[in-house]
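Survey of secondary and tertiary structure
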Amino acid sequence: DTAVSQTPKYLVTQMGNDKSIKCEQNLGHDTMYWYKQDSKKFLKIMFSYNNKELIINETVPNRFSPKSPDKAHLNLHINSLELGDSAVYFCASSPIGRKNTGELFFGEGSRLTVL
Amino acid sequence: AQSVTQLGSHVSVSEGALVLLRCNYSSSVPPYLFWYVQYPNQGLQLLLKYTSAATLVKGINGFEAEFKKSETSFHLTKPSAHMSDAAEYFCAVSEESGYSTLTFGKGTMLLVSP
């Protein structure tokens, strides 16, 4: 059983298009995240949601809009794609409160290539 | 604010040799510390974590790390490298709180030669 699953795994698109990446976790966690990994492998947090509420938004362009329909899902929609958006996007989840050990559980990543 | 520095973007070892990947952290409160491994074209897998219990932490695949508060370090070691250990390794820090926000180092690519 996949704990954190993302779709699609690969996405190739043209500049200016709009695309979405979906993420689902079956771990019962309350908090979900999107991280971006650039071409140099650097991982940087983009967003964090706790139980459908946005709690972290790290100076990401407003072309990026996360949406959390419920606490098990966190989708990422990107408008007007630019070349610099090419990266691997990782979804992650974690419990909170006394269950929180700081560990994040990651999906397999979605590689976005903008041409 | 928390930060992580990994010394060396690439580390090369021979199969059977000691693996040492360095990580230093900065945190204003007691930290949680992690090592994750990323194999090519895959996601991140947790190797081990320190969460204020024993300072020597054992992880999967024979890896271990020691938390040294005086040196603000959390170096990763393995006594004998295997070809299958070749991957990207990330050190990360999280401050103890209700919500986790992992701050990652820039990663160290471990290369293992026969």
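Remember, predicted model here, so these are calculated numbers, not experimental data.

**What about the overall build of chain A?**
Along its length, chain A carries zero helices and eleven strands. Its helices and strands taken in sequence order, chain A reads β-β-β-β-β-β-β-β-β-β-β from the N to the C terminus. Over its C-alpha atoms, taken along the principal directions, chain A stretches across nearly 45 × 30 × 25 Å. For chain A, with 115 residues in total, the buried portion stands at 46%. For chain A, the proportion of contacts with a sequence separation of at least 24, taken over those separated by at least 6, is 54%. Of the accessible surface of chain A, which amounts to about 5800 Å², a share of 49% is contributed by carbon and sulfur atoms. Distance between charge centroids for chain A: 2 Å, based on 14 positive and 12 negative side chains.

**What about the environment of aspartate 70 of chain A?**
Residue and element names in this part refer to chain A. Tracing the chain through its elements places aspartate 70 in strand β7 (residues 64-70). In this structure the C-alpha to C-alpha distance between aspartate 70 and lysine 52, which are 18 residues apart in sequence, comes to 5.7 Å. A polar contact is formed between the side chain of aspartate 70 and the backbone nitrogen of alanine 72, at a distance of 2.9 Å. Within polar-contact distance, the side chain of aspartate 70 engages the side chain of histidine 73 at 2.7 Å.

**Section: the pattern of salt bridges**
A complete count under the given rule lists seven salt bridges over all chains for this structure. Residue lysine 71 of chain A is joined to aspartate 30 of chain A by a salt bridge in which the shortest nitrogen-to-oxygen separation is 3.1 Å. Here lysine 71 of chain A is found in the loop between β7 and β8 (73-78), whereas its partner aspartate 30 of chain A is found in the loop between β3 (19-25) and β4 (31-37), with 41 residues between them in sequence. Residue aspartate 30 of chain A is classed as partly exposed on the basis of its relative accessible area, which comes to 21%. Taking the shortest distance from any N to any O, the salt bridge between lysine 78 of chain B and aspartate 85 of chain B comes out at 2.8 Å. Classification of aspartate 85 of chain B as buried rests on a relative accessible area of 2%. Among the ionic contacts, a cluster of salt bridges with common partners joins Arg63, Glu82 and Asp85 of chain A.

**Some points on the state of the cysteines**
Residues and elements named next belong to chain A. Taken as a whole and judged by the stated rule, the model has two disulfides over all chains. Residue cysteine 23 pairs covalently with cysteine 91 via a disulfide, S to S 1.9 Å. Since a negative S-S torsion denotes a left-handed disulfide, the cysteine 23-cysteine 91 link at about -80° is left-handed. Here cysteine 91 lies in strand β9 (residues 87-94) and cysteine 23 lies in strand β3, a separation of 68 residues in the sequence.

**Regarding the interface of chain A and chain B**
Chain A puts 26 residues into the contact, and the matching count from chain B is 23 residues. Between chain A and chain B lies a buried interface of about 2000 Å² when both sides are counted; carbon and sulfur atoms form 54% of it. Counting across the chain A and chain B interface gives one salt bridge. The shortest N-O distance in the salt bridge between lysine 49 of chain B and glutamate 103 of chain A comes to 2.9 Å. Linking chain A with chain B are four residue pairs in polar contact (both at pLDDT 80 or more), by the criterion used here. When residues of the side of chain A that touches chain B are traced back to their parent elements, those giving at least two are β4, β5 (43-50), β6 (53-57) and β9 of chain A. The dominant element in the side of chain A that touches chain B, judged by the number of residues it contributes, is β4 of chain A, at four residues.

**Describing the pairing of strand β8 (residues 73-78) of chain B**
For a regular strand, side chains alternate in direction, first toward one face of the sheet and then toward the other. All names here are of chain B. Counting buried positions along β8 yields five of six residues, so the element is predominantly enclosed. Strand direction decides the pairing type here: strand β3 (residues 19-26) and β8, joined by four bridges, are antiparallel. Each bridged residue has a counterpart across the sheet, and for asparagine 24 the counterpart in β8 is serine 73. Relative to β8, strand β7 (residues 64-68) runs antiparallel, the two being bridged by five bridges. When the bridges of β8 are listed, glutamate 66 appears paired with histidine 75. The hairpin turn running from β7 into β8, its antiparallel successor, is four residues long, and threonine 72 in that turn takes a positive phi close to 45°.

**Comments concerning the packing of aromatic side chains**
All names here are of chain A. Evaluation of the coordinates by the stated rule reveals 14 aromatic pairs over all chains. With a centroid separation of 6.3 Å and 85° between ring planes, the pair formed by phenylalanine 90 and phenylalanine 106 is classed as edge-to-face. In this pair, phenylalanine 90 sits in strand β9 while phenylalanine 106 sits in strand β10 (residues 105-106), placing the two residues 16 residues apart along the sequence. With respect to class, phenylalanine 90 is no different from phenylalanine 106; both count as buried.

What counts, and at which threshold
- Residues numbered from 1 in each chain as written.
- Chains lettered and ligands numbered in written order.
- Predicted model: local features only at pLDDT ≥ 70, side-chain atom pairs only at ≥ 80, totals over all residues.
- Heavy atoms only, no water.
- Helix = DSSP H or I, 4+ residues; strand = E, 2+ residues; numbered from the N terminus.
- Buried < 20%, exposed > 50% of the residue type's maximum accessible area, 1.4 Å probe, protein only.
- Contact = heavy atoms within 4.5 Å.
- Areas by Shrake-Rupley, 256 points an atom, 1.4 Å probe, with all protein chains shown as cover.
- Lys, Arg positive; Asp, Glu negative; His and termini not counted.
- Charge placed at Lys NZ, Arg CZ, Asp CG, Glu CD.
- Polar contact = N/O pair within 3.5 Å; in protein donor to acceptor, adjacent residues only side chain to side chain.
- Salt bridge = Lys/Arg side-chain N within 4 Å of Asp/Glu carboxyl O.
- Disulfide = S-S within 2.5 Å.
- Buried area = accessible area lost by both parts, 1.4 Å probe.
- Pairing = 2+ DSSP bridges.
- Phe/Tyr/Trp six-rings, centres within 6.5 Å; stacked < 30°, edge-to-face > 60°.

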